Amino acid sequence: MAGDVSKWLHELLHGMKEKKCFICGEYIRTSYYSDHNGHYACGNHDVGTCFVCLSICDKKNSINVPNYGLICPECAKKNIDENLALRLIQYVNNFYIKLGMSFPGHKLYLVSIDEMNKRIDEGDSALGLAYNNYDGIYRVCVLKHLSKIAFAGVFAHEILHLWQYGKRINAPKHICEGFCNLGKYLVLCTINKEEAKLRISGMLSDPDPIYGEGFRIVKEVYDRTGWNGVINMMKQYKV
């Protein structure tokens, strides 16, 4: 009983001002790291960021995936299953339907990191891929080790590649990817979660000339002319 009272007093006196480290379990006395999920870690711990959930993670207990980065133990053992994927896809499709978009029929493949690496060039990384209708079938591959928010964003991006394939649009690469990222951005903007906000912030500041600058170019058109203006711009690249 005395121990319970002591713990209660400590929480009362210090808990509102101090945070417990999710790695060592001790109250944080020095500088610290924090993330959008409410995790705190002492500043002397060796931490990184999980590329799946964007939370801080203990490097010692996380897996370093070549070309991708760290994946925390929780995300490493989670998979997006087909039922959840279908619900997330429906969420994205409903958003696009409101914009007047329609897409060619396609097959979805949920793939592991090893499977994804077999489909891309060595040294690259990808969370999703879209395939053209070369054999009569459009395909979308999405990494199954993703959070729900990340999955929605990746699918929102990849499905706009299929739209371009179906409309025979051959835009410059930065416009092509920028358009797909605009769709991803708009879908993420409908999700009122800190992870979504972090992903949006990353997109807005991405220095990549294709995925970052290309996105901001297309977004500027969207800000001036709306979605229909962007669609009209993309149709100029029809072959």
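Residues numbered from 1 in each chain as written. Predicted model: local features only at pLDDT ≥ 70, side-chain atom pairs only at ≥ 80, totals over all residues. Heavy atoms only, no water.

## Describing the pairing of strand β8 (residues 128-131)
And then number 1: Pairing between β8 and strand β9 (residues 138-143): 4 bridges, direction antiparallel. Each bridged residue has a counterpart across the sheet, and for Leu129 the counterpart in β9 is Cys141.
And then number 2: Connecting β8 to the next strand, β9, in antiparallel fashion are 6 residues, including Gly136 with a positive phi near 90 degrees. (Pairing = 2+ DSSP bridges. Helix = DSSP H or I, 4+ residues; strand = E, 2+ residues; numbered from the N terminus.)

## Remarks on the side chain of Asn181
And then number 1: Tracing the backbone shows Asn181 in helix α6 (residues 173-188).
And then number 2: Judged by its relative accessible area of 8%, Asn181 falls in the buried class.
And then number 3: Residues contacting Asn181, with those up to four places away along its chain left out, are His157, Met203, Tyr211 and Phe215. (Buried < 20%, exposed > 50% of the residue type's maximum accessible area, 1.4 Å probe, protein only. Contact = heavy atoms within 4.5 Å.)

## Some remarks on the sheet that holds β8
And then number 1: Pairing is mixed in the open sheet, where 3 strands are placed in the order β7-β9-β8. Every other strand in the sheet has two partners, leaving β7 (106-111) and β8 as the edge strands with one partner each. On average, each strand axis in the sheet is tilted by 15 degrees relative to the strand beside it, whichever way the strands run.
And then number 2: Helix-sheet contacts for helix α5 (residues 148-166) involve β7, β8 and β9, and the interaxial angle to β9 is about 160 degrees. (Axes fitted to C-alpha atoms, helices over the stretch in contact; angles between N-to-C directions.)

## Considerations on α6
Since the α-helix packs 3.6 residues into each turn, any two residues three or four apart lie on the same face.
And then number 1: With 16 residues, α6 should cover 22 Å at 1.5 Å per step; its first-to-last C-alpha distance of 22 Å lies within 8% of that length.
And then number 2: Burial analysis of α6 places 14 of its 16 residues in the buried class, the great majority of the element. (Expected span 1.5 Å × (residues − 1).)

## Considerations on the packing of α5 against α6
And then number 1: Relative to each other, α5 and α6 sit at 140 degrees, their axes nearing to 8 Å. If you check the angle between α5 and α6, you find them oblique. Along this stretch, α5 crosses α6, giving a crossing that reads as right-handed. Note on element contacts: α6 touches α5 through Cys176, Glu177, Phe179, Cys180, Asn181, Gly183, Lys184, Val187 and Leu188, opposite Ile149, Ala152, Gly153, Ala156, His157, Leu160, His161, Trp163 and Gln164. (Parallel < 35°, antiparallel > 145°, perpendicular 65-115°, else oblique. Left-handed = near helix turned anticlockwise from the far one by under 90°.)

## Remarks on the packing of aromatic side chains
And then number 1: Scanning the entire structure with this criterion turns up 8 aromatic pairs.
And then number 2: Taking 5.4 Å as the distance between ring centres and 55 degrees as the angle between the ring planes, the aromatic pair formed by Tyr185 and Phe215 counts as tilted. Of the two residues, Tyr185 sits in helix α6 while Phe215 sits in helix α8 (residues 213-235), which places them 30 residues apart along the sequence. The same class applies to Tyr185 and to Phe215, which are both buried.
And then number 3: Taken together, Phe95, Tyr96, Phe103, Trp163, Phe179 and Trp227 form an aromatic cluster joined through their ring pairs. (Phe/Tyr/Trp six-rings, centres within 6.5 Å; stacked < 30°, edge-to-face > 60°.)

## Looking at the nonpolar core
Note that soluble globular proteins tend to have their nonpolar side chains buried in a common cluster.
And then number 1: Counting 67 residues, the largest nonpolar core has Tyr96, Phe151, Trp227 and Met234 as the members making the most contacts within it.
And then number 2: Ranked by residue count, the leading element in this core is α5, at 11 residues.
And then number 3: When sequence neighbours within four positions are dropped, the list of residues in contact with Met234 reads Trp163, Gln164, Ile169, Ala171, Ile175 and Phe179.
And then number 4: Counting residues in each nonpolar core, the second largest holds 6 residues, with Cys21, Ile28, Ala41 and Ile56 among its members. (Core = buried A, V, L, I, M, F, W, Y, C linked by side-chain atoms within 4.5 Å.)

## Digging into α8
And then number 1: Taking 1.5 Å of rise per residue, the 23 residues of α8 would be expected to cover 33 Å, yet its terminal C-alpha atoms sit only 20 Å apart, more than 12% below that figure.
And then number 2: At Thr225, α8 shows its maximal bend, which comes to roughly 125 degrees.
And then number 3: For α8, the full list of buried residues reads Gly214, Phe215, Val218, Lys219, Val221, Trp227, Gly229, Val230, Ile231, Met233 and Met234.
And then number 4: In this structure, the buried side of α8 is in contact with α3 (82-98), α5, α6 and α7 (194-205). (Bend = angle between axes of the 7 residues up to and from the residue.)

## Things to note about the side chain of His36
And then number 1: Counting through the fold element by element, His36 comes out in the loop between β1 (32-34) and β2 (40-42).
And then number 2: Using a relative accessible area of 18% as the deciding quantity, one classes His36 as buried.
And then number 3: Of note is the side chain of His36, whose polar atom sits 2.8 Å from the backbone oxygen of Cys53.
And then number 4: Ignoring any residue separated from it by four or fewer positions in sequence, one finds His36 in contact with Cys53, Leu54, Ser55, Glu194, Glu195 and Leu198. (Polar contact = N/O pair within 3.5 Å; in protein donor to acceptor, adjacent residues only side chain to side chain.)

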